[in-house]
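Fold and contact review
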Amino acid sequence: MFDTICAISTALGVGAISIIRVTGPDSIKLVNEIFKGKNLEKVESHTINYGYIINNEEIVDEVLVSIMKSPKTYTKEDLVEINCHGGINTTNKILELLLIKGARLAEPGEFTKRAFLNGRIDLIEAESIGDLINSETDKSRKLSLNGVTGNITNLINTIRQKLVSISANIEVNIDYPEYEDAVNLTNELIKPKIIDIKKDLENLLKESANGKLIKNGIDVAIVGKPNVGKSSLLNTLLEEEKAIVTNIAGTTRDIVEGKLILNGIMLNLIDTAGIRKTNNLVEQIGVNKSKKIIEKADLVILVLNYNDKISKEELDLIESLKTKNLIVYINKNDLTKKIDDKKLNCKNIVYGNTNEYANLKKLKDKITEIFNLEQIETSNMNYLSNSRQISLVKKALLSLDNCLEQIENNIEIDLLAIDIKECYDLLGEIIGNTYKDELLDEIFENFCLGK
Ligand SMILES: Nc1nc2c(ncn2[C@@H]2O[C@H](COP(=O)(O)OP(=O)(O)OP(=O)(O)O)[C@@H](O)[C@H]2O)c(=O)[nH]1
Ligand SMILES: [Mg+2]
């Protein structure tokens, strides 16, 4: 049995309305003690009740109180929501009264955690609720919503169901070898079934790359020598004077970031200090930072100057970026050509200038092409998007590989059941059929208070 918890569920600031949420066995009784109006312990479930919050006899605020009785609530427990006039002071005062009456302040995500522990939602759905709140693009909102509504869970359960049916057949074969209606399972009969499930999981993994893109966006590092136009590129792409631009080499010292949505996917653009050898300490720190950002980026845009010869440093940089997604963007093509671009060994080369947004179309098309952004479309959007889920699918695949190896070795079918069960359990962990408390702490601590 859980205790009674409360929290402010709306962002704390000045607004028209604030909501304070209370859930747990004593939630209705506690709110009733500070409420003047109908007796909340006697009202119907799922009603909204007008009245006042009082502190002894003094009126604190005029409110609407929603009473939702277990089990049809967000947490499956009794749940009360107090809609009060917005404003930090009033909202805090009502929370304080509830705490005095004996409610405990909820931890971040504790309402959702209860929804999970009480069996209303599974772990994918819970994680998706967190993602939904944090989503910044239309696509990531749709992706999270698919998780919230259980579509992704269904996908996992369909695969688990296939595993169960193989396991059940194996058991029947072992336990009732004389039972005539049961198909006599052999390794050869099981093999195509396992391969079929393996394909399902591989597909899921392949598509999850899209899920990650949709959820996290693409980190794009803009790098190059000083003065080639990196900051200008950032500004023109963002259509905003975000970074300082001058004709002095070494203008950008610290990183400057901006977000751009391309084909519904968030690009996290990172403008960096021009890379060169320098004696200036501040600039050197900036240069070192640039190198670190390159390591972490999903895409590197190396900016060169159309109006300048390519330096040895630039060629070395291209060489060192071979293993990354790299676009060599040749800027300032409105000036005369001095660049010897035949020297360039890179398959993604684009020309442009930062005088106008339209002149960067080719660059944006290239990014779209490299990440296949036009294909990510939203027809099903049943992608896994978080690393915990993805790593479990990878482990589940390993257990199927094991199983297939055993089949090749013509092992007894009852031993195959072990790998099949392991695969089933791993997929179960994704939806939270088994879990460790630390995992729950980790998932829910990233939620907001009152969710
Ligand atoms: N003609 C022309 N000039 C440009 C273009 N892009 C940038 N510039 C000019 O090039 C100079 C350097 O631009 P920045 O954007 O500050 O260059 P940067 O690469 O960020 O330089 P650092 O921060 O010093 O590394 C400025 O005078 C810009 O106006 C372009 O497409 N065409
Ligand atoms: Mg700059």
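Check the entry above for the structure.
Now for a quick tour of the structure. (Residues numbered from 1 in each chain as written. Chains lettered and ligands numbered in written order. Predicted model: local features only at pLDDT ≥ 70, side-chain atom pairs only at ≥ 80, totals over all residues.)

Section: unusual backbone geometry
Of the consecutive residues Ser70 and Pro71, the connecting peptide bond is found in the cis state with omega at 5°. Summarising the element assignment, Pro71 is placed in the loop between β5 (58-68) and β6 (79-85). Unlike most non-glycine residues, His46 shows phi in positive territory, near 55°. Residue classification places His46 among the exposed positions, given that 11 C-beta atoms sit within 10 Å. In this structure, Asn372 is a non-glycine residue whose phi angle is positive, near 55°. Of note, Asn372 is situated in the loop between α11 (361-370) and α12 (387-408). (Helix = DSSP H or I, 4+ residues; strand = E, 2+ residues; numbered from the N terminus. Buried ≥ 20, exposed ≤ 12 C-beta atoms within 10 Å, placed from the backbone.)

Observations regarding the pairing of strand β8 (residues 218-224)
Counting buried residues in β8 gives six out of seven residues, a clear majority hidden from the surface. Pairing geometry for β8 and strand β11 (residues 299-305), over five bridges, is parallel. Looking at β11, one finds that Ala221 is bridged to Val300. (Pairing = 2+ DSSP bridges.)

A word on the environment of Ala115
Within the secondary structure layout, Ala115 lies in helix α3 (residues 110-117). Assessed through the 23 C-beta atoms surrounding it within 10 Å, Ala115 is described here as buried. Distance from Ala115 to Asn382, taken between C-alpha atoms, is 22 Å for residues 267 residues apart in sequence. Among all residues touching Ala115, those that are not within four sequence positions of it are Tyr74, Thr75, Lys76, Arg120 and Ile121. (Contact = placed C-beta atoms within 7 Å.)

A few points about helix α7 (residues 187-216)
A rise of 1.5 Å per residue sets the reference length of α7, with its 30 residues, at 44 Å; its end C-alpha atoms lie 42 Å apart and thus fit the reference within 8%. Taken together, the buried positions of α7 are occupied by Ile190, Ile194, Ile197, Leu204, Ser208, Asn210, Gly211, Leu213, Ile214 and Lys215. Once α7 finishes, Gly217 follows within two positions and takes phi at roughly 75°, a positive value. (Expected span 1.5 Å × (residues − 1).)

Some points on the site of ligand 1
Neighbouring residues of ligand 1: 23 residues in total, closest Gly229, Ser231, Thr252, Gly274 and Asn353. The dominant element in the shell around ligand 1, judged by the number of residues it contributes, is helix α8 (residues 230-238), at three residues. (Near = placed C-beta within 6 Å.)

Some details on the pairing of strand β10 (residues 265-271)
Across the seven residues of β10, six count as buried, placing the element largely inside the fold. Sheet analysis places β8 next to β10, joined by five bridges and oriented parallel. Bridging from a neighbouring strand, Val220 pairs with Leu269 of β10. Taken together, the seven bridges between strand β9 (residues 256-262) and β10 define a ladder with antiparallel strand orientation.

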